[in-house]
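Coordinates in review
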Amino acid sequence: MESLFGSAMGAGTLVLLVGALFLALSFEFVNGFHDTANAVATVIYTNTLTPPQAVIWSGLWNFLGVLTSTGAVAFGIVALLPVELILDVGSGAGFAMVFALLLSAIIWNVGTWYLGLPASSSHTLIGSIVGVGLMNSLISSGQQFGEGVNWGKVQDTAMALLISPLVGFVAAALLLLAAKVVISNPALYQAPEGKAPPPLWIRAILVLTCTGVSFAHGSNDGQKGMGLIMLILIGVVPATYALNLATSSADLQSIVVASQAAQPIFGPAPSSADAMANQVADAELSRFLTSGKPTPQTMTSLAVKNGAVTATLSQIKSISELSTDGRSRLRRDVYLVEEGIAKLIKAGAVPDAKNKATLSKLRSELQTLTDFIPLWVKIAVAVALGLGTTIGWKRIVVTVGEKIGKSHLTYAQGASAELVAMTTIGAADMFGLPVSTTHILSSGIAGTMAANRSGLQTETLRNILLAWVFTLPACMILGSALFAAGLFVVLRLF
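Residues numbered from 1 in each chain as written. Predicted model: local features only at pLDDT ≥ 70, side-chain atom pairs only at ≥ 80, totals over all residues. Heavy atoms only, no water.

1. Examining the overall build of the chain
Counting its regular elements, the chain contains 20 helices and 0 strands. Within the chain, counting contacts between residues at least 6 apart in sequence, those at least 24 apart form 85% of the total. Only carbon and sulfur atoms are counted for the fraction: they give 66% of the accessible area of the chain, which is about 19,700 Å². (Helix = DSSP H or I, 4+ residues; strand = E, 2+ residues; numbered from the N terminus. Contact = heavy atoms within 4.5 Å. Areas by Shrake-Rupley, 256 points an atom, 1.4 Å probe, with all protein chains shown as cover.)

2. What about helix H9 (residues 200–236)?
Helix length check: H9, at 37 residues, gives a terminal C-alpha distance of 53 Å against a target of 54 Å (1.5 Å per residue), a fit within 8%. The element H9 is largely enclosed, with a buried count of 28 among its 37 residues. (Expected span 1.5 Å × (residues − 1). Buried < 20%, exposed > 50% of the residue type's maximum accessible area, 1.4 Å probe, protein only.)

3. Some points on the packing of aromatic side chains
Geometry of an aromatic ring pair is reported as the spacing of the ring centres plus the angle between the planes. Inspection of every chain in the model, using the stated rule, returns 3 aromatic pairs. Between Trp61 and Phe215 the ring centres are 6.3 Å apart and the planes differ by 65 degrees, which places this aromatic pair in the edge-to-face class. Remark: Phe215 occurs in helix H9 and Trp61 occurs in helix H3 (residues 51–67); sequence separation between them is 154 residues. Relative accessible area serves as the criterion here: at 30%, Phe215 is assigned to the partly exposed category. Among the aromatic residues, those joined into a ring-pair cluster are Trp57, Trp61 and Phe215. (Phe/Tyr/Trp six-rings, centres within 6.5 Å; stacked < 30°, edge-to-face > 60°.)

4. Some remarks on H3
The terminal C-alpha atoms of H3 lie 24 Å apart, and with 17 residues this matches the ideal 24 Å at 1.5 Å per residue to within 8%. Those residues of H3 that sit buried are Ala54, Val55, Ser58, Gly59, Asn62, Gly65 and Val66. Projected down its long axis, H3 carries its buried residues within an arc of 125 degrees, all on one side. (Arc of directions from axis to C-beta.)

5. Details of the packing of H9 against helix H16 (residues 375–389)
Their axes nearest at 9 Å, the elements H9 and H16 cross at an angle of 130 degrees. Put simply, H9 runs oblique to H16. H16 is crossed by H9, and the crossing has right-handed handedness. On H16, the residues that touch His217, Gly218, Gly222, Gly225, Met226, Ile229, Met230 and Leu233 of H9 are Trp376, Val377, Lys378, Val381 and Leu385. Here the contact of H9 with H16 is built from residues that sort into 8 nonpolar, 4 polar and 1 charged. (Axes fitted to C-alpha atoms, helices over the stretch in contact; angles between N-to-C directions. Parallel < 35°, antiparallel > 145°, perpendicular 65-115°, else oblique. Left-handed = near helix turned anticlockwise from the far one by under 90°. Nonpolar A, V, L, I, M, F, W, Y, C, P; charged D, E, K, R; others polar.)

6. Examining the nonpolar core
In terms of nonpolar packing, the biggest core is built from 87 residues, with Phe266, Leu313 and Leu369 touching the most fellow members. It is helix H6 (residues 92–114) that contributes the most residues to this core, 12 residues altogether. Every residue in contact with Leu369, bar those within four places of it in the chain, is listed here: Leu243, Asn244, Thr247, Leu252, Ile255, Leu313, Ile319, Leu330 and Val334. Within the second largest apolar cluster, 35 residues are counted, among which are Leu49, Cys210, Val213 and Ala421. (Core = buried A, V, L, I, M, F, W, Y, C linked by side-chain atoms within 4.5 Å.)

7. A few points about unusual backbone geometry
A positive phi is found at Asn47, a non-glycine position, where the angle reads about 60 degrees. Following the sequence through the fold, Asn47 ends up in the loop between helix H2 (11–45) and H3.

8. A closer look at the pattern of salt bridges
The final tally for this structure, using the stated rule, is 6 salt bridges. As a salt-bridge pair, Arg287 and Glu284 come within 2.8 Å of each other at their nearest N and O atoms. Here Arg287 and its partner Glu284 are both found in helix H12 (residues 275–291), 3 residues apart, which amounts to about one turn of the helix. One network of salt bridges, in which partners are shared, links Asp282, Lys305, Arg332 and Asp333. (Salt bridge = Lys/Arg side-chain N within 4 Å of Asp/Glu carboxyl O.)

9. A closer look at the environment of Thr390
Tracing the chain through its elements places Thr390 in the loop between H16 and helix H17 (394–402). Judged by relative accessible area, which is 30%, Thr390 ranks as partly exposed. A C-alpha to C-alpha distance of 6.7 Å links Thr390 and Phe33, two positions 357 residues apart in sequence. Beyond its immediate chain neighbours, meaning those up to four positions away, Thr390 contacts Val55 and Ile56.

10. Comments concerning a nonpolar patch on the surface
A cluster of nonpolar side chains, contributed by Val181, Val182, Ile183, Trp201 and Ile205, occupies part of the molecular surface with about 470 Å² of accessible area. Among the secondary structure elements, those contributing two or more residues to the nonpolar patch are helix H8 (151–182) and H9. One can find Ile183 in the loop between H8 and H9. Exposure remark for Ile183: the relative accessible area of 33% places this residue in the partly exposed category. (Patch = residues over 30% accessible without salt bridge, like charges linked within 9 Å, V, L, I, M, F, W, Y side chains within 5 Å.)

11. Here we look at the confidence of the model for the chain
Detailed conclusions should not be drawn from predicted coordinates in areas where pLDDT is low. Model confidence for the chain is summarised by a mean pLDDT of 81, while 87% of its residues fall at 70 or above. Highest mean pLDDT in the chain belongs to helix H11 (residues 249–266) (94); lowest belongs to helix H1 (residues 2–5) (53). (pLDDT = per-residue confidence, 0-100.)

12. Observations regarding the packing of H6 against helix H7 (residues 121–139)
Direction vectors running N to C along H6 and H7 enclose 140 degrees, while the axes themselves pass 9 Å from each other. As summarised for this structure, H6 and H7 are arranged oblique, according to the angle between their axes. Seen from above, H6 lies across H7 with right-handed handedness. In this structure, H6 uses Met97, Ala100, Leu101, Ser104, Ala105, Trp108 and Asn109 to contact H7, whose residues at the interface are Ser121, Thr124, Leu125, Ser128, Ile129 and Val132. Classifying every residue of the contact of H6 with H7 by side-chain character gives 8 nonpolar, 5 polar and no charged.

13. Focus: the environment of Thr298
The topology assignment puts Thr298 in helix H13 (residues 296–314). Measuring from C-alpha to C-alpha, the distance between Thr298 and Phe266 comes to 8.8 Å, with 32 residues separating the pair along the chain. Apart from the residues lying within four places of it in its own chain, the contact partners of Thr298 are Glu284, Leu285, Arg287 and Phe288.

14. Describing the environment of Ala204
As for its position among the elements, Ala204 is in helix H9. Once the C-alpha coordinates of Ala204 and Thr48 are considered, the two residues, 156 residues apart in sequence, prove to be 8.5 Å apart.

Below, the structure is given as structure tokens:
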């Protein structure tokens, strides 16, 4: 245990840590069996693979998808959280936040799975995050209601979640119509007869698309759990996980050079050793990261924090030379600078192209210090997601395979929906956007049914739409209530 967590800790903290990690892995396990249908429904309903073959194959590629993921989505999810809780995640409020997020997401996912409704794990987690942020602003002194929520990031993520099902519907429909023009073989557009498998070339296509969706799902959805696990580890064992201990001396020097090059853009600043200046900078940048609206004080605050980063890194050759408190403090400063740069550029506050390139380089250099995921975290999440994929799949598979269209799924319809799903999810992964595998594939199947004039089952579509509409508000309520309850329990007991 100490080899993973780096240092001894009190019994209460250890209980909280183990409990939080268990919940994070449970979320990925539930995510696995909740979302399995998205990858295996088509190969099962076209008799391409038997159910045991399909879920084991899908579980393997979900596992590999997690292991090879970039981490961009993981830290994108973290950026949705209230800034003050990210900066002080090791506090009681930080623990209450993590428990509330994971519990509310698990409760909603299990509930919709039990009812056989394809629902989005991304929606559940984001709704829970917004709920925690709203409750945090309500109970925190000196904050207006809603002030703690990173609305800019929420808006970007919500747009991705809103647009991706539309892309799935339209693109899958167009792909099916295009296939009918280009590929004239009628066998591709037939429904399976009895239990007979399709021709070998059709089976190969469907296995390929099942593999692609499984891999893409693992690479995107697996990162949500990884981001939360890293948040937990950063708060509880900052000596080991606050910063990337593997950062070389040359890389540290490269960060210093980039930081010094950016300092004139931020302008002059008070001494980084000035405690009052640091407190003012912390408050201003926390406000800026939440609102996205710069003020004249914003650049000065970035100058203070950037100067502090330069001063610290100039004195060391290895992160291990810093104390535990020093690592936590440096991570806080680095986070404020790198996220502040992103907000500045997005707000159009850096019009000069050369300055924008200089700041972007600094942000990229800083991310090597903070945006890392240890191999054991990837393996743990991959195992949880892969195991979850192999069980509990049947309820939602029946909905996806039988209850969306009025006729049986054809080979071409299944392949079209899955090709669009794997491509859309892969693109979202590159841009660090969490999207709903469930909604992309379900809408893709609906699109192929509409294009094929097969008819749609309106009752099923209505239920899926209702689950889609109610997931965010329901998880907001669950997240806010559990955060308030968790805050009471954690502060009283631990």
